[in-house]
Amino acid sequence: MLNPADHELIQAAIEASRNAYIPYSGYAVGAALLTVDGAVYTGCNVENAGYTPTVCAERTALFKAVSEGQRQFERIAVVTRDGGSPCGVCRQVMFEFSPGMTVLMADLDGKLHLRTTVAELLPHGFGPANLQ
Ligand code: THU
């Protein structure tokens, strides 16, 4: 049984995945990011004919939040049809701001596949501390 807060964040990510712009892969991803002060920012993947400009759902949500002044995150829900895992680039961006953040991976039916943390997903990560 999912705790209510996780359930709510996963539902917000499912909702966001409906806006995924995915003419090339057909693989919809939705993300919902909870800040330490309780705000939620959502994102979807946005693909591009040039392929490399494609942005993942997680980074859409993170950059929306950071561009609004948020830098500390508590939890992120990522939803895909198979409960897939965040890519390496998104792990790096999450690590920059909140290595302790909880990461929920769920599918489009709302089933939780994994509950972990950014630090678990990116062990021995390179981050802001390295440049001090
Ligand atoms: N994708 C994400 O949105 N997040 C990830 O962490 C993995 C991959 C997107 C990028 C692309 O639009 C599609 O999924 C297939 O790679």
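It should be noted that the structure appears before, not after, this text.
Summary of the structure given here. (Residues numbered from 1 in each chain as written. Predicted model: local features only at pLDDT ≥ 70, side-chain atom pairs only at ≥ 80, totals over all residues. Heavy atoms only, no water.)

1. Digging into the nonpolar core
Phase 1 of the analysis: The biggest cluster of nonpolar side chains holds 21 residues, and the ones touching the most others in it are L33, I76, M94, M101 and V103.
Phase 2 of the analysis: Excluding anything up to four places from it in sequence, I76 contacts L9, A31, A32, L33, E58, M94, M101, T102, V103 and L104.
Phase 3 of the analysis: Judged by nonpolar contacts, the second largest core, of ten residues, contains I14, L34, A77 and A106. (Core = buried A, V, L, I, M, F, W, Y, C linked by side-chain atoms within 4.5 Å. Buried < 20%, exposed > 50% of the residue type's maximum accessible area, 1.4 Å probe, protein only. Contact = heavy atoms within 4.5 Å.)

2. Considering the site of the ligand
Phase 1 of the analysis: With respect to spatial proximity, the complete set of residues near the ligand consists of S25, Y27, V29, N45, E47, T54, C56, A57, E58, S85, P86 and C87.
Phase 2 of the analysis: Taking E47, its side chain carries an N or O atom lying 2.5 Å from an oxygen atom of the ligand.
Phase 3 of the analysis: Residue A57 places a main-chain N or O atom 3.0 Å away from an oxygen atom belonging to the ligand.
Phase 4 of the analysis: A per-class count over the shell around the ligand returns six nonpolar, four polar and two charged. (Near = heavy atom within 4 Å. Polar contact = N/O pair within 3.5 Å; in protein donor to acceptor, adjacent residues only side chain to side chain. Nonpolar A, V, L, I, M, F, W, Y, C, P; charged D, E, K, R; others polar.)

3. Some points on the pattern of salt bridges
Phase 1 of the analysis: Tallied over the full model, the rule gives four salt bridges.
Phase 2 of the analysis: A salt bridge links D6 to R115; its shortest N-O distance comes to 2.9 Å. Taken together, the residues span a long stretch of sequence, with D6 in helix α1 (residues 4–17) and R115 in strand β5 (residues 112–117) at a distance of 109 residues.
Phase 3 of the analysis: By relative accessible area, which is 44% here, R115 ends up partly exposed.
Phase 4 of the analysis: The partner of R18 in a salt bridge is E15, and the shortest N-O contact between them spans 2.7 Å.
Phase 5 of the analysis: Look at R18 and you get exposed, because its relative accessible area is 58%.
Phase 6 of the analysis: Note on E15: relative accessible area 49%, which makes it partly exposed. (Salt bridge = Lys/Arg side-chain N within 4 Å of Asp/Glu carboxyl O. Helix = DSSP H or I, 4+ residues; strand = E, 2+ residues; numbered from the N terminus.)

All we've got here are geometric facts, nothing functional implied.
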